[in-house]
Amino acid sequence: MQSFPQAHPLFDGIAEADLRTLVACLDGGARAYEKGEYMLHADDPCAWVGIVCMGSAHVVQEDFWGNRSLLARLGPDDIFGEAFACAGVASLPVGVVAAERCSVRLLRADKLCAPCSNACPGHTRLMQNLLVLLAHKNVTLTRKIAHLTRRGTREKVLSYLSEQARLAGCAQFDIPFTRQELADYLSVDRSALSAVLCALRDEGTLRFRRNHFHLLRPDERP
């Protein structure tokens, strides 16, 4: 099991001696999860904030009939549950499920998101770091909203792939999703997604193999 993630951005700038005190105050233990296992369920109390130490997980939202929307992918060092804990939400509106075997470190939400009654040294810096992480996550959410507000499946796919190319700094890149996961992320039907990808390939806009994509400019098309 992974040790406490002391190098995590949440603890940036906190002296080692102060961090030991914080760890004793915050630490909720480490846990391992198998692929498909839920770390947190919708309607669970907002008691924990998690840091992914190894593997990956998905933040999902499911309706009454079990239809799933994939809200975000979490990789090593990503944090989850912090926004709901800081907002004082009584129960979670989303679930977190392991996308592969992974391990996480849990932090006590009541200690992380409120002034510490023990006056732990470093807690002020911790709160500042948490604010920065929340801001970064808000930027990521804004990017996703930009994809979802596109009118059709083709436009959503092109918006997402264009952003991935920009983030990679290259026309060739890998995406972190399977076809079903990408469909869930973009809130489109999987068959419609596959049809759009094939159409874009046939017209020479892109090439792909599994999760590897190569976007083509007009002068590169056959």
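Residues numbered from 1 in each chain as written. Predicted model: local features only at pLDDT ≥ 70, side-chain atom pairs only at ≥ 80, totals over all residues. Heavy atoms only, no water.

Attention now goes to the overall build of the protein. For the protein, the helix and strand inventory stands at seven helices and 11 strands. C-alpha extents for the protein along the principal axes are approximately 65 × 40 × 30 Å. Every one of the 222 residues in the protein was classed for burial, and the buried ones make up 41%. Across the protein, contacts joining residues at least 24 apart in sequence account for 72% of those joining residues at least 6 apart. (Helix = DSSP H or I, 4+ residues; strand = E, 2+ residues; numbered from the N terminus. Buried < 20%, exposed > 50% of the residue type's maximum accessible area, 1.4 Å probe, protein only. Contact = heavy atoms within 4.5 Å.)

As a packed pair, helix α6 (residues 179-186) and helix α7 (residues 190-202) sit with axes 9 Å apart at the nearest point and diverge in direction by 105 degrees. One way to sum up the angle between α6 and α7 is to call them roughly perpendicular. Residues Arg179, Gln180, Leu182 and Ala183 of α6 form the contact with α7, whose own contacting residues are Arg190, Leu193 and Leu197. Per-class residue counts for the contact of α6 with α7 are four nonpolar, one polar and two charged. (Axes fitted to C-alpha atoms, helices over the stretch in contact; angles between N-to-C directions. Parallel < 35°, antiparallel > 145°, perpendicular 65-115°, else oblique. Nonpolar A, V, L, I, M, F, W, Y, C, P; charged D, E, K, R; others polar.)

A few words on the sheet that holds strand β7 (residues 95-98). Read across the sheet, four strands follow the order β2-β7-β4-β5 without closing on themselves; strand pairing throughout is antiparallel. Across the chains shown, the open sheet's two edge strands, defined by having one partner strand only, are β2 (38-40) and β5 (68-74). Recorded for the sheet is a direction-independent mean angle of 35 degrees between the axes of neighbouring strands. Relative to β7, β2 runs antiparallel, the two being bridged by two bridges. For Leu40, the partnering residue across the bridge sits in β7 and is Val96. Most of the contacts of α6 go to β5, to which it runs at about 105 degrees, and overall it touches β4 (57-62) and β5. (Pairing = 2+ DSSP bridges.)

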